[in-house]
Amino acid sequence: MKLQSMRLQNFRQFFGEQEIDFAAPEGGRNVTVFHGYNGAGKTALLNAFIWCLYGQTTSDLEAPERLETERAVAEAMPGAEVKVSVRLVFVVHGERYIVERRRAGTKESGATLRIGDTELSLWVIGPNGELNAIGANDRTNDRLRQNRIDQILPPDLYPFFFFNGERVERLASKDAYDRIESGVTTLLDVKIFERGTTHLRRHVAPALAEQLSKYGDADLQAAIAEQQRHERREQEIQEELKQARENVARLEEEIETYEQKQRSLEAIKDLTEKRERLRDDLRNCEDRIEKTDEDLASAISRDGYLVFADSVFRKTEELVAAARQRGDLPAKIKPQFVDDLLAEQTCICGRPLPPGSPEEAKLLHWRNATGLAELEEAISQTHAAIPPLRERRSRHVADLDRLMTRRSELLTERRRLHEELDTVEAQCGDTAYGEEAARLADHLKSINRDLVNRKADIKFLDEKLAENEEKRSDIRQRIKQLQVHDAKGALIKRQKESVDRVADALEEITRIQKDDVRQDLDEQIGEIWRDAAIKDYRASVSEDYRLLLTKKVSGVEQPVHGASTGEKQVLALSFVASLVKKAEQNLRESETESPWDFLTGGQYPLVMDSPFGALEDDYRQKVAEWVPNIAQQVIVMASTTQWRNEVEKGVYDRIGKRYILELHTSKEGADRQIEIDGHSYPYVIADNDPAECTIVREVREES
Amino acid sequence: MDRERRQAVQARTREVLERLSESERQLLKRILQIEHEHVHQQRFYGKEDMLRAVRETIK
C-alpha cells in the first residue's frame, strides 16, 4: 500500500477542505513530517487515516463521537448540513484506489448537531484514468466496500501501521501477545492456512459427516456421532487453553507492574535489588542443572553400556586363556601357507602334489582345518580391545560420579537460592518498611499463587488435548473400516476422508510456515534492535510470539527486568520494522516462487504520531536515523519538543514532504513561530474566532 | 542461511503436498484461495464455497 494523498473536510480541527500529498516511497525521500503544537491535530490526523479506512478511532481520541470541526458547526445556520469526510488515495499491487468516508449532520439549536449515517465510497482508477466504483449499483452496500478495504489491509493489522508512538510499547506488553500472534499470522499469511484447517474441520467435515450418516448402518452413525463429539470437545479445550494462556499473561503482567512499584519504594530498594540478583543466580543455576542433565544423558547414551560389560570382559579373557592353554590358539598352520603349496603343486619337502593325488587330498584336509583363521583374528582383536575398553569404562564411571556430584551440588544450591528468595520476598512485605510495602507483597503473594494454578490449568488442558486427539484419530480409522450402502454413500465417504487428509496437510503446513515466520522475525528483530539499541541487550521472538528483551549474565541469557518505556518502545518499533520487512520479503518471493495461486505478503506504510515522545536523548537520534528505513513510506507527526535538533538531523535527508499544522486559537498572546531549516513559520496564530481550528501548510524547500 | 532455510521450508511443504492425491492437492489450493478471499472476516462465510470445491474436485 502506497499512500498518495488525503483530503480532509471539517475533520476534527481541520476546518474546510484541506489537501495533503505524501512523500513517495521511491527516490529515497520517503518521509512525510507534520509539525504541530499540542492540540493542533496530530492525533486527529492519525485518526483520519483510521476512520477513513475502518470507521474507527483510537482510544486516546477525546470525544470520538464528535468528528465535525467546531468552527464548521458554529458557522452553520440552524437546519443546515455540516459535512465531515476523509478521502484517501493509495496504490496496491499497481492498482490505484480512492476511498472516502463521510457523514452529514444537521445543525440544531445552539452548537448541537444531529449526526447522520456514515457512507463509504470506494473507486478503482482504471488504466485510462476512469473511476470504477465498487458496489456502485448499491449505494447502501457499504459492507461490500468495507470488505474490499479489509482485504487490502485487515482491520486487526492497522494498530501495527497506524499508531501513537507514545504508546507503542503496548505492542510489547504481555497482554498484547494474542494480538501480536494474530497480527503476525494475518500479515504474513499464515492465518490463511490456519483458518483453512479450522474451517474444514469445523464446517466442511461435519456437513459431510451428517450426509454420510444417512448412508450407513447404526455402527457408522454411532461412530460419526462420536467423532463429532470429539471435534466439539477439541474446540472447547482450545477455547479454554486460549483463556488459560490469557490469564497467565495477565497475571505475569500484573506481577511486573507490582514489582515495578516495589522497586520504586526506597525503603526496600536493597531488598528488591537482592531479589533480582538472587533470581539471576537462580536462573543461572537452573541453566547449569539443565546443562549437567544434558551432559549426563549424552555420557550415558555414549558409554553407559560399559558399566555392565565387566563380566563380559572377564569371560572373554578366560575363554582366550583356556584356548591358549589347550594350544588351539594361535592356530599352527595358516591357510595362506597351505593355499600356496596347493597352487604350486609342490610340498615343502619337494614331493609333487598332482591334482587328485592322495598327497593333495591329505593337504586339502589340513586346509579345511585351518578355516578358523578369521575367527582367530577376531578373537585376537577383541582380546586386544579389552584393556582400552576397561580404561574407558573407568573414565566413564569417574565422569558419571563427577556429573552426579555436580548435579547434587547444584540441586542444593537451587534449594538454598529458593529459600533465600522466599526470605527476601517475605522481608519485602515486612510492615517495618511501611504499609505500602506490605500491601504490595500481599498482592504479589496472592497473584503468584494464582499464577501457579493457572499454569497447572494449561498443563492439564494440554494433556486433555493430546488425549482427545488420540481418540479422534482412532475413531477416524474406525469410520474408514465401516461400510456404506451405495455409490453415493461411497462418494461422500471418499470426500470426507479427503477433507480430513487435506485438513491434516494444512495443519502441518501451518506448523512449517509458523516456525519459519517466527525464526525469520526472530532474526530480523535481533538485527534491527542491534542497529537501534544503545544497551547490550538482545531482542528476540519466543516460540509463542512473545517479544523478549534479554541480557547476558555470566554467559547465560536472562530476561531484562524493568526496561525503560523508551527501551520498550524501541523494542516494539523493532518488532513493527521486522514485520514490515518480512511482509515485503514475502511479497517479493510470492511473485516469483510461490506454490500457491495468490500473492502473499505486501508493502505497508507506517503512520506514527509522536514516535520520539518518550525516548531518552540517546535513543532519539538513533531512532530518527533508523525510522526512514523501517518502511517504504513513513509518515510522522511531532511537536517541536519531540522534534529536536538530533531528530531533524537524523531524518533531514529523507524528508520528502513537510507540513505545519498551523493552529488558530482565540487565546490572546498565544502566537508562536517554528524554525525550520533557518526559516521561521507561523505555528500558533491567535485570532478573533472563538472556535479553534487547524490549517495544514506545506513547507516548500524554496521558501 | 536465509536461502537455505527457505529451501528447506519449501522442500518440507512439497513433501506434505506429495502425500496427497492430485485431486486432494487441487482441493487444498481451492481451500486456500477461498480463505485468501475471506481472511479479513471475523465470521466465516465460505462454507458453501468450500463444499462446492469438495464436490468439484473429489469425484
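The structure displayed is predicted, hence computed values, not measured ones.

Asker: Explain the overall build of chain B to me, using residue names and the numbers behind them.
Answerer: The secondary structure content of chain B amounts to 3 helices and 0 strands. Listing every helix and strand of chain B by position from the N terminus yields α-α-α. Computed over C-alpha atoms, the radius of gyration of chain B comes to 15 Å, more than 25% over the 10 Å expected from 2.2 N^0.38 for 59 residues, which places it beyond the range of a compact globule. Principal-axis analysis of the C-alpha atoms places the extent of chain B at approximately 40 × 30 × 10 Å. Here chain B holds 59 residues, and the buried ones make up 44% of them. Split by element, the accessible area of chain B, about 3500 Å² in all, is 45% carbon and sulfur. Each charge class in chain B can be summarised by its mean position, and for the 14 positive and 11 negative side chains these summaries are 1 Å apart.

Asker: Please give an account of the pairing of strand β14 (residues 655-665) of chain A that cites residues and values.
Answerer: Residue and element names in this part refer to chain A. For β14, a buried count of 9 out of 11 residues is recorded, marking the element as mostly surrounded by other parts of the structure. Sheet topology places strand β3 (residues 31-36) next to β14; 6 bridges connect them, and they run parallel. Bridging from a neighbouring strand, T32 pairs with K657 of β14. Summarising the sheet, β14 and strand β17 (residues 693-698) pair through 6 bridges and their orientation is antiparallel.

Asker: Lay out the nonpolar core in plain terms, naming residues and giving numbers.
Answerer: Judged by nonpolar contacts, the single largest core of 110 residues is most densely connected at M6, F34, L88, F90, F161 and F162 of chain A. When sequence neighbours within four positions are dropped, the list of residues in contact with L88 of chain A reads L3, S5, M6, F22, F49, C52, L53, Y97, I98 and V99 of chain A.

Asker: Quick rundown of the pairing of strand β4 (residues 81-92) of chain A? Include the residues and the values.
Answerer: Residue and element names in this part refer to chain A. Within β4, 9 of the 12 residues are buried, which leaves the element mostly enclosed by the surrounding structure. When strand β1 (residues 2-11) meets β4, the two strands line up antiparallel, connected through 7 bridges. Along β4, the bridge assignment pairs L8 with V86. Linking β4 to strand β5 (residues 95-107), which pair antiparallel, is a turn of 2 residues; within it H93 sits at a positive phi near 45°.

Asker: Please give an account of the packing of helix α15 (residues 565-593) of chain A against helix α1 (residues 2-18) of chain B that cites residues and values.
Answerer: In the contact formed by α15 of chain A and α1 of chain B, the axes pass within 14 Å of each other and the chain directions differ by 60°. Viewed along their axes, α15 of chain A and α1 of chain B adopt a mutual orientation that is oblique. For the element pair α15 of chain A and α1 of chain B, the recorded crossing hand is right-handed. Here K582, Q585, E589 and E593 of chain A of α15 of chain A lie close against α1 of chain B, whose contacting residues are D2, R3, R6 and Q10 of chain B. A class-by-class count of the residues in the contact of α15 of chain A with α1 of chain B yields no nonpolar, 2 polar and 6 charged.

Asker: Account for unusual backbone geometry, with residues named and values stated.
Answerer: With the exception of glycine, most residues fall at negative phi, and the peptide bonds are largely trans. Residue and element names in this part refer to chain A. Backbone geometry at Q345 places phi at a positive 55°, although glycine is not the residue there. On the accessibility criterion, Q345 (38% relative accessible area) is partly exposed. Here D677, not a glycine, exhibits a phi torsion of approximately 55°, which is positive. The topology assignment puts D677 in the loop between β15 (672-676) and β16 (679-686). Residue D677 is classed as partly exposed on the basis of its relative accessible area, which comes to 49%.

Asker: Run through the environment of R229 of chain A, naming residues and quoting values.
Answerer: Among the secondary structure elements, R229 of chain A is positioned in helix α7 (residues 218-263). Taking the C-alpha atoms as reference points, R229 of chain A and K480 of chain A, separated by 251 residues in sequence, lie 17 Å from one another.

Calculation criteria
Each chain carries its own residue numbering, running from 1 in the written order of its sequence. Labels are handed out in written order, letters beginning with A for the chains and numbers beginning with 1 for the ligands. In keeping with the model being predicted, local features are shown solely for residues with a pLDDT of at least 70 and side-chain atom pairs are shown and tallied solely at 80 or more, while totals for entire chains, interfaces and linings include all residues. As a convention, hydrogens and water are excluded, and side-chain values are obtained from all of the structure's heavy atoms. Strands here are runs of E lasting at least two residues and helices are runs of H or I lasting at least four, both read from the DSSP assignment and numbered beginning at the N terminus. Radius of gyration here is computed from C-alpha atoms only, and the compact-globule reference equals 2.2 Å multiplied by the residue count raised to the power 0.38. Each residue's exposure class comes from its accessible area (1.4 Å probe, protein chains only) as a fraction of the maximum for that residue type: buried when under 20%, exposed when over 50%, partly exposed otherwise. Accessible surface area values rest on a Shrake-Rupley calculation with a 1.4 Å probe, where residue burial reflects the displayed protein chains alone. His residues and chain termini do not enter the charge count, which takes Lys and Arg as positive and Asp and Glu as negative. By convention, the charge on Lys lies at NZ, on Arg at CZ, on Asp at CG and on Glu at CD. Pairing between two strands requires that DSSP report at least two bridges joining them. Working definition of a nonpolar core: buried Ala, Val, Leu, Ile, Met, Phe, Trp, Tyr and Cys residues. They are joined through side-chain atoms within 4.5 Å. Contact between two residues is taken to exist if any of their heavy atoms lie within 4.5 Å; hydrogens are not considered. For helices, the fitted axis covers only the stretch in contact; all axes are lines through C-alpha atoms, and the angles between them, taken along N-to-C directions, range from 0 to 180 degrees. An angle below 35 degrees is read as roughly parallel, one above 145 as roughly antiparallel, one from 65 to 115 as roughly perpendicular, and any other as oblique. By definition, turning the near helix anticlockwise from the far helix through less than a right angle yields a left-handed crossing, and turning it clockwise yields a right-handed one. The nonpolar class holds Ala, Val, Leu, Ile, Met, Phe, Trp, Tyr, Cys and Pro. Asp, Glu, Lys and Arg form the charged class, and all remaining residues, Gly among them, are polar.

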